[in-house]
Amino acid sequence: MINIYRTDDRIVRELEQFEEGSWINLTAPTLEECADIADKFNMDVADVRAALDDEESSRISLEDEYTLILVDIPSAEVRNNRHTYTTIPLGILLSEGVVITVCSEETSVLRGFVEHRIRDFSTKKQMKFVYQILYNACMVYQSLLRNIDRKRTEIEDRIQEDTEDIDLIDLHELESNLVYFATSLRANGVVLDRLTRYGRLRQFPEDQELLEDVIIENKQAIEMTQIYRDIINGTRELMSSVINNRLNNVMKYLAAITIVMNIPGIISGLYGMNVVSEGVPLSSSVYGFGAICILTLTICIIIWIWLRRKKML
């Protein structure tokens, strides 16, 4: 799908045909649409379709008539029947009088510009517009990172009540999200660093300041990712310790029960041996059976109280 936008007097208008200073947004484009854009602006169709390959890494490519900037942006997906996050490539192509963005799906990074939620942007100021896209991508990263930490907090709050297998799986999924984010943010950082050194890209002082802000926000997102990964590792260790402690308590309780239950077995086993009955205590008394039962119960109660004092029950 191809959408063409242009800002005039800070108002975004959708156009039917390309005009000078416009923004062409390609969302999950077909091969024919990519070929038409490539022919119209004299671009390599492989560069136009680069963002449609999930395996493409972040990079910047300076060609004779255009510039390709490829970065990773966050995206939501369903993985293992859970709502999780991953990263997908976003291609930004700069040619004379036009900014072209290519993505395999509709993304909140670009939606904010279409829905007028990004203030003071112009499709005619190419580099500033590009940096605003990158800045918004960093903001989306940070927003999703806070959501990940919020989910981790919910899992941590449930540890005191009861820890289930699903909590461990959810924690693993959160850590997987952070791994994807960390890898993509570092790769984006390399692209941003290169943008500061390329003199061929025409930039104004305000563009340079905006680029510095993007670099700062990208670094902050990287630090947030590392911090949240460390916290999740700590949460996992806490959950493992809690599970092990609960298992130890159960084993200790079962061992104590076994000790108490073995006492009647030992006494009944002794009285059940094939020996001369005259040598067995209380064998000739009519109250012998009752006395032995009372004695066994008394010993069990004494052992039970002793185990309670030793905190084994």
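As the structure is a prediction and not an experimental result, all values here were calculated from the model. (Residues numbered from 1 in each chain as written. Predicted model: local features only at pLDDT ≥ 70, side-chain atom pairs only at ≥ 80, totals over all residues. Heavy atoms only, no water.)

Here the focus is the overall build of the protein chain. Across its full length, the protein chain carries 7 helices and 7 strands. Along the protein chain, helices (α) and strands (β) appear in the sequence β-β-β-α-α-β-β-β-β-α-α-α-α-α when read from the amino end. Computed over its C-alpha atoms, the radius of gyration of the protein chain comes to 35 Å, more than 25% above the 20 Å expected for a compact globule of 313 residues. Each principal axis of the C-alpha atoms in the protein chain carries an extent, and together these give about 115 × 40 × 30 Å. Relative to its full complement of 313 residues, the protein chain shows a buried share of 42%. Carbon and sulfur atoms form 53% of the exposed surface of the protein chain, whose accessible area is close to 17,900 Å². Between the averaged position of the 33 positive side-chain charges in the protein chain and that of its 49 negative side-chain charges there is a distance of 8 Å. (Helix = DSSP H or I, 4+ residues; strand = E, 2+ residues; numbered from the N terminus. Rg over C-alpha atoms; globule rule 2.2 N^0.38 Å. Buried < 20%, exposed > 50% of the residue type's maximum accessible area, 1.4 Å probe, protein only. Areas by Shrake-Rupley, 256 points an atom, 1.4 Å probe, with all protein chains shown as cover. Lys, Arg positive; Asp, Glu negative; His and termini not counted. Charge placed at Lys NZ, Arg CZ, Asp CG, Glu CD.)

Turning to unusual backbone geometry, a few remarks are in order. Non-glycine residue alanine 28 carries a positive phi angle of around 45°. Mapped onto the fold, alanine 28 is located in the loop between β3 (22–27) and α1 (31–40). On the basis of relative accessibility, which here comes to 42%, the residue alanine 28 falls in the partly exposed class.

Take empty space enclosed by the protein next. For the structure on display, the rule yields 1 cavity of 30 Å³ or more. Counted as a void, the largest cavity has a volume near 70 Å³. Residue lining of the largest cavity: Val71, Asp72, Ile73, Leu134, Ala137, Cys138, Asn188, Leu192, Val214 and Asn218, and that is the complete set. Sorting the residues of the lining of the largest cavity by element identifies β5 (67–79), α4 (126–157), α5 (165–195) and α6 (205–271) as the ones contributing at least two each. Partitioning the lining of the largest cavity into residue classes produces 7 nonpolar, 2 polar and 1 charged. (1 Å grid on protein atoms, 1.4 Å probe; cavity = no way out; pocket = protein on both sides within 12 Å on 5 of 7 lines; lining within 4 Å. Points joined across faces, edges and corners; volume = space filled by probe spheres on them. Nonpolar A, V, L, I, M, F, W, Y, C, P; charged D, E, K, R; others polar.)

Sheet topology places strand β4 (residues 59–62) next to β5; 4 bridges connect them, and they run antiparallel. Counterpart to arginine 59 in the pairing with β5 is leucine 70. Joining the antiparallel neighbours β4 and β5 is a turn of 4 residues. (Pairing = 2+ DSSP bridges.)

Bringing the sheet that holds β4 into the picture now. The strand order across the open sheet formed by 7 strands is β2-β1-β3-β7-β6-β5-β4, and the pairing between neighbours is mixed. Two strands close off the open sheet at either side, each with one partner strand: β2 (11–15) and β4. Neighbour-to-neighbour, the strand axes of the sheet open up by a mean angle of 25°, direction not taken into account. Of the strand pairs in this sheet, strand β1 (residues 2–8) and β2 are connected by 5 bridges, and their pairing is antiparallel. Bridged to tyrosine 5 within β2 is glutamate 14. Contacting β3, β5, β6 (82–95) and β7 (98–103), α4 crosses the sheet at an angle of about 175° to β6. (Axes fitted to C-alpha atoms, helices over the stretch in contact; angles between N-to-C directions. Contact = heavy atoms within 4.5 Å.)

Our next topic: the state of the cysteines. Enumeration over the complete set of coordinates arrives at 0 disulfides. As a non-bridged cysteine, cysteine 138 has cysteine 103 as the owner of its nearest cysteine sulfur, 16 Å distant. (Disulfide = S-S within 2.5 Å.)

Counting buried residues along β3, 6 of its 6 residues qualify, which places the element largely inside the surrounding structure. Neither face of β3 is exposed, since Ser22, Ile24 and Leu26 on one face and Trp23, Asn25 and Thr27 on the opposite face are all buried. Where β1 lies against β3, 4 bridges are found, and the strand directions are antiparallel. Bridge pairing links asparagine 3 to asparagine 25 in β3.

Across soluble globular proteins, nonpolar side chains have a tendency to be buried as a group. By size, the foremost hydrophobic cluster in this structure holds 50 residues, and its most contacted members are Ile69, Ile92, Tyr131, Leu134 and Leu195. For this core, the secondary structure elements donating two or more residues are β5, β6, β7, α3 (108–114), α4, α5 and α6. Considering each element in turn, this core owes the most residues, 14 residues, to α4. In this structure, Ile4, Ala51, Val98 and Ile100 belong to the second largest nonpolar core, which totals 19 residues. (Core = buried A, V, L, I, M, F, W, Y, C linked by side-chain atoms within 4.5 Å.)

Let us look at the confidence of the model for the protein chain. When pLDDT is averaged along the protein chain, the result is 83, and 93% of the positions lie at 70 or above. β2 is the least confidently modelled element of the protein chain, averaging 78 in pLDDT, while β7 averages 89, the highest of any element. (pLDDT = per-residue confidence, 0-100.)

Take the packing of aromatic side chains next. Scanning the entire structure with this criterion turns up 7 aromatic pairs. With a centroid separation of 5.0 Å and an interplanar angle of 85°, the aromatic rings of phenylalanine 18 and phenylalanine 41 are classed as edge-to-face. On the criterion of sequence distance, the pair formed by phenylalanine 18 in the loop between β2 and β3 and phenylalanine 41 in the loop between α1 and α2 (45–48) is long-range, its members being 23 residues apart. Look at phenylalanine 18 and you get partly exposed, because its relative accessible area is 26%. By way of ring pairs, the aromatic residues Tyr5, Trp23, Phe113 and Phe129 are connected into one cluster. (Phe/Tyr/Trp six-rings, centres within 6.5 Å; stacked < 30°, edge-to-face > 60°.)

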